[in-house]
Each structure stands twice: as C-alpha cells, then as structure tokens.
Amino acid sequence: MWQQLGSLACKKARDAIFALYQNWAAAQGIQWAKRVHIPGADYDDFVQYAHLGLLEAIDRFKPELGFEFSTFARHRVKGSILNSVFRFSEKTANLNRSEQETQELVSGLLSAADTSGKNAITALSELIMDLAVDYALQNPVVETEPLMLLGSVYSSPEYNAFAGKITAKVTLLDEPLLSIIQLHYQQGMTFQQIADLLELSKGRISQLHKEALTKLCRN
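All of these numbers come straight from a predicted model, not from anything done at the bench.

Quick notes on the rules
- Residues numbered from 1 in each chain as written.
- Predicted model: local features only at pLDDT ≥ 70, side-chain atom pairs only at ≥ 80, totals over all residues.
- Heavy atoms only, no water.
- Helix = DSSP H or I, 4+ residues; strand = E, 2+ residues; numbered from the N terminus.
- Buried < 20%, exposed > 50% of the residue type's maximum accessible area, 1.4 Å probe, protein only.
- Contact = heavy atoms within 4.5 Å.
- Areas by Shrake-Rupley, 256 points an atom, 1.4 Å probe, with all protein chains shown as cover.
- Phe/Tyr/Trp six-rings, centres within 6.5 Å; stacked < 30°, edge-to-face > 60°.
- pLDDT = per-residue confidence, 0-100.
- Core = buried A, V, L, I, M, F, W, Y, C linked by side-chain atoms within 4.5 Å.
- Axes fitted to C-alpha atoms, helices over the stretch in contact; angles between N-to-C directions.
- Parallel < 35°, antiparallel > 145°, perpendicular 65-115°, else oblique.
- Left-handed = near helix turned anticlockwise from the far one by under 90°.
- Nonpolar A, V, L, I, M, F, W, Y, C, P; charged D, E, K, R; others polar.

**Q** Describe the overall build of the protein, with residues and values.
**A** Looking only at helices and strands, the protein features 11 helices and 0 strands. Counting helices and strands in the order they occur from the N terminus, the protein gives α-α-α-α-α-α-α-α-α-α-α. Looking at the protein as a whole, 38% of its 219 residues are labelled buried. The contacts of the protein with a sequence gap of at least 6 include a subset with a gap of at least 24, amounting to 64%. Carbon and sulfur atoms make up 55% of the accessible area of the protein, which amounts to about 12900 Å² in all.

Now the structure itself:
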C-alpha cells in the first residue's frame, strides 16, 4: 500500500491505510481526552483531531527511512490533538460568556445608547452592530483546521476580514477607551473590576465601553 501511495498517490491506498490505523488513532485520542481536561471538548473532538493527525502522518510518512509508521504517526497524532484542543479551548472560553454577563452587556448598551431622534429600527441596527463588534473582539481571527473542514461560519473569509478590521482599530482608540477595551477583552476583567481599577462608576465604564464599540464600528 505504501508503494501505491508513494508512486501513484492512490486514494484507495490512502483510505486503506487510514482504515487500518483508524481505531488506533481513536484510542490515542481517547487516552489524551482522559489526561487533558478541556472545557467544552468531548471525546469526539479528541478523536476527530487524532484522525486529522493520522491523515497528516499518512501524507508525510516516508517508509524508505526505515521507521515504523505507528512511531511516526504517534507524534503527529499527539501534536494534532494538543494543538487543536488548546486552540479550541481558547475559542470556547471566549464563546462561553455567562448569560448574566451577556444580559449586563445588552442592558448597558441600551442604557448608554442615545435614542433621541432615532426610530426603533435605527436604534436596533446600532445595537446589533455594537454586539457584532463585541463578538469580534471576543473572537479575533483564528483559522483552525477543524473549523475550516466543518465549514464553520466563524471561519469564513468575511468574518475574518471584519474581525481583523475591528481588532486593528483598537490601538487607535484614545484613553480611557483603549484601556477599557484591553482590560475587558484581553484581560477578562468585568466592568465592575475595571471601574474599581480606574476609580470610575460601573455605569460610567458601561457608557465608555459603548462609546468604544461605536468608534470601532463606525470609524
């Protein structure tokens, strides 16, 4: 099979090799799932990443070097699992904002919004744009193999372009808007913690946060 794969790039040979080692790779994934606890990642995720590593190992393996394939593949599978689950963990941490925090964000944006002279549709549109900027700041551009393979909307070129544009504007903000955005999105601090640090009221931090989102969205 290795001769076929190397000389003809035969898909059938590749599939046959994958089928031969598929259960072995799955077992590797389950072993790592038991050793490494990643919130939001289950056994199926570890197995998927193990299979991705197996496919990479099949494509890169050179039998003429004299190594056992399982030895070579073990390192590839391990690397695929650990790289993928830790990137998954970072993204999950950003996505898993608590319901209370989300409610506070929306409430803060609504209370800080200037709705005078605006109709309901305009006010709602502005709120949606603020929430889109908030999401982009939580989830900067990160392309991972699993997301691209699954065709996730969050890995689309359009989203990447939008998120990249928003994050690039952050450093252009004036103080204290810059500090509020960095403390909230990069350091994970709540509005109350930022208020205590900057010696401002929580309501004022909410207003400044809204102002920063508006600037990032419209500038």
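**Q** Could you give me a rundown of the packing of aromatic side chains, with the residues and numbers involved?
**A** Applying the stated rule across the entire model yields 4 aromatic pairs. Their ring planes at 75° and their centres at 5.1 Å tell us that Phe 61 and Phe 69 sit as a pair that is edge-to-face. Phe 69 carries the same exposure label as Phe 61, and that label is buried. Judged by centre distance (5.5 Å) and plane angle (50°), the ring pair of Phe 61 and Phe 72 falls under tilted. A residue pair is termed long-range when its members are at least 10 positions apart, and Phe 61 in the loop between helix 3 (43-60) and helix 4 (69-95) and Phe 72 in helix 4 qualify at 11 residues. The exposure class assigned to Phe 61 is buried, which follows from its relative accessible area of 10%. For Phe 72, a relative accessible area of 24% corresponds to the partly exposed category. Taken together, the ring pairs in this structure connect Tyr 21, Trp 24, Phe 61, Phe 69 and Phe 72 into an aromatic cluster.

**Q** Run through helix 9 (residues 177-186), naming residues and quoting values.
**A** Most of helix 9 is tucked away: 8 of the 10 residues are buried. Among the residues of helix 9, Leu 177, Leu 178, Ser 179, Ile 180, Ile 181, Leu 183, His 184 and Tyr 185 are the ones counted as buried. Within two residues after helix 9, Gly 188 carries a phi angle of roughly 75°, on the positive side.

**Q** With reference to specific residues and values, describe the side chain of Ser 80.
**A** With respect to the secondary-structure elements, Ser 80 resides in helix 4. For Ser 80, a relative accessible area of 10% translates into the label buried. Contact partners of Ser 80, with chain neighbours within four places excluded, come to Tyr 49, Leu 52 and Gly 53.

**Q** An account of the confidence of the model for the protein is requested, with residue identities and associated values reported.
**A** Looking at the protein, pLDDT values average 75 and 66% of them are 70 or higher. Within the protein, helix 3 carries the highest mean pLDDT (89), whereas helix 7 (residues 145-150) carries the lowest (43). Note on residues 142-155: pLDDT under 50 across the span, and 23 contacts to partners over four residues away in sequence or across chains.

**Q** Can you tell me about unusual backbone geometry, naming the residues and giving the values?
**A** Going from Glu 175 to Pro 176, the amide bond is cis rather than trans, its omega being 5°. With respect to the helices, strands and loops of the structure, Pro 176 is situated in the loop between helix 8 (157-169) and helix 9.

**Q** How would you explain the nonpolar core if you had to name every residue and give the values?
**A** Core analysis: the biggest nonpolar cluster contains 24 residues, and Val 133, Leu 137, Leu 173, Ile 181 and Leu 216 have the highest contact counts within it. Elements represented by at least two residues in this core include exactly helix 6 (120-138), helix 8, helix 9, helix 10 (191-198) and helix 11 (202-218). Once residues lying within four places of it in the same chain are set aside, the contact partners of Leu 137 are Ile 166, Val 170, Ile 181, Tyr 185, Leu 213 and Leu 216. Core analysis: the next-biggest nonpolar cluster, separate from the first, contains 20 residues, Phe 18, Phe 69, Ala 73 and Leu 82 among them.

**Q** Tell me about the environment of Ile 30, and name the residues and values.
**A** Positionally, Ile 30 belongs in helix 2 (residues 11-35). In this structure Ile 30 comes out as partly exposed when scored by relative accessible area, which is 29%. Contact partners of Ile 30, with chain neighbours within four places excluded, come to Tyr 43 and Val 47.

**Q** I'd love a proper account of the packing of helix 9 against helix 10, names of residues and values included.
**A** Look at helix 9 against helix 10: their axes get within 10 Å of each other, and the N-to-C directions meet at 135°. One finds that helix 9 runs oblique with respect to helix 10. Crossing hand, helix 9 versus helix 10: right-handed. Residue-level contacts link Ile 180, Leu 183 and His 184 of helix 9 to Phe 191, Ile 194, Leu 197 and Leu 198 of helix 10. Looking at the contact of helix 9 with helix 10, its residues break down into 6 nonpolar, 1 polar and no charged.

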